[in-house]
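# Examination of the molecular architecture
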Amino acid sequence: MHNFRNLKVWQKSVDFAVIIYFSTDEFPNEEKYGLVSQMRRASVSIPSNIAEGSAKSSKKVFCKSLETSLGESYELETQLEISKRVGLISEEKSSSLENNLIEIQRMINGLKSKVESQS
């Protein structure tokens, strides 16, 4: 259906997952199996679901994968907020990450709308 590597939203979300990996390296060791693990998993799931859905022959299934990806992004947004509130991440860093994530969410919604309109 789509070559996922050519999708800007996939490229941006892969870059974002890498940023999350580096950002969570700074978290305390006691968060290794808590927020670090959750945030990394969610960040990796965003582009992974886009890639998986792009291989499906059905536009409906691709849209479902995009919805899953969007859900993971909201989960990550929540985890960023918690990280900020408990002092694991600075307000400035959190704001920067959230702005990037909001852009990814918009891109996912845009792609989903485009795929749905082609149905």
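Before any of the text, the structure's been laid out above.
Anyway, here's the lowdown on the structure attached to this text. Just so we're clear, the structure is a prediction, and the values are computed from it rather than from any experiment.

Right, let's get into the overall build of the protein chain. In terms of regular secondary structure, the protein chain is built from four helices and zero strands. For the protein chain, the C-alpha radius of gyration of 15 Å lies close to 14 Å, the compact-globule estimate for 119 residues. By principal-axis analysis of the C-alpha atoms, the protein chain measures approximately 45 × 25 × 20 Å. Split into buried and exposed, the 119 residues of the protein chain put 40% on the buried side. The contacts in the protein chain between residues at least 6 apart in sequence include a share of 73% that link residues at least 24 apart. Here the protein chain has roughly 6700 Å² of accessible surface; of this, 49% comes from carbon and sulfur atoms.

Core analysis: the biggest nonpolar cluster contains 26 residues, and Ile-50, Leu-76 and Ile-108 have the highest contact counts within it. With seven residues, the top contributor of residues to this core is helix H2 (residues 35-54). Residues in contact with Ile-50, not counting those within four places in the same chain, are Leu-7, Val-9, Trp-10, Ser-13, Phe-62, Leu-66, Ser-69 and Ile-108.

With respect to the helices and strands, Ser-65 occurs in helix H3 (residues 59-85). Its relative accessible area of 10% is what places Ser-65 among the buried residues. The spatial distance from the C-alpha of Ser-65 to the C-alpha of Ser-13 is 14 Å, given a sequence separation of 52 residues. If near-sequence neighbours (up to four positions away) are discounted, Ser-65 is found in contact with Asn-49 and Gly-53.

Counted under the stated rule, the structure contains one aromatic pair. Their ring planes at 70° and their centres at 5.0 Å tell us that Phe-4 and Trp-10 sit as a pair that is edge-to-face. Classification of Phe-4 by relative accessible area gives partly exposed; the value is 24%. Taking the relative accessible area as the measure of exposure, Trp-10 reaches 15% and is therefore buried.

Attention now goes to the packing of H3 against helix H4 (residues 91-117). Packing of H3 against H4 brings their axes to within 10 Å, and their N-to-C directions diverge by 165°. With respect to each other, H3 and H4 are oriented roughly antiparallel. Crossing of H3 against H4: the hand is left-handed.

Position of Ser-69 among the secondary structure elements: in helix H3. Among all residues touching Ser-69, those that are not within four sequence positions of it are Ser-45, Ile-46, Asn-49, Ile-50 and Ile-108.

At a minimum axis separation of 8 Å, H2 and H3 run at an interaxial angle of 160°. When the axes of H2 and H3 are compared, the pair comes out roughly antiparallel. You can see that H2 and H3 cross each other, and the crossing is left-handed. Partitioned by chemical class, the residues of the contact of H2 with H3 number ten nonpolar, twelve polar and three charged.

Rules used throughout
- Residues numbered from 1 in each chain as written.
- Predicted model: local features only at pLDDT ≥ 70, side-chain atom pairs only at ≥ 80, totals over all residues.
- Heavy atoms only, no water.
- Helix = DSSP H or I, 4+ residues; strand = E, 2+ residues; numbered from the N terminus.
- Rg over C-alpha atoms; globule rule 2.2 N^0.38 Å.
- Buried < 20%, exposed > 50% of the residue type's maximum accessible area, 1.4 Å probe, protein only.
- Contact = heavy atoms within 4.5 Å.
- Areas by Shrake-Rupley, 256 points an atom, 1.4 Å probe, with all protein chains shown as cover.
- Core = buried A, V, L, I, M, F, W, Y, C linked by side-chain atoms within 4.5 Å.
- Phe/Tyr/Trp six-rings, centres within 6.5 Å; stacked < 30°, edge-to-face > 60°.
- Axes fitted to C-alpha atoms, helices over the stretch in contact; angles between N-to-C directions.
- Parallel < 35°, antiparallel > 145°, perpendicular 65-115°, else oblique.
- Left-handed = near helix turned anticlockwise from the far one by under 90°.
- Nonpolar A, V, L, I, M, F, W, Y, C, P; charged D, E, K, R; others polar.

Read these as layout, nothing more, since geometry by itself doesn't imply function.
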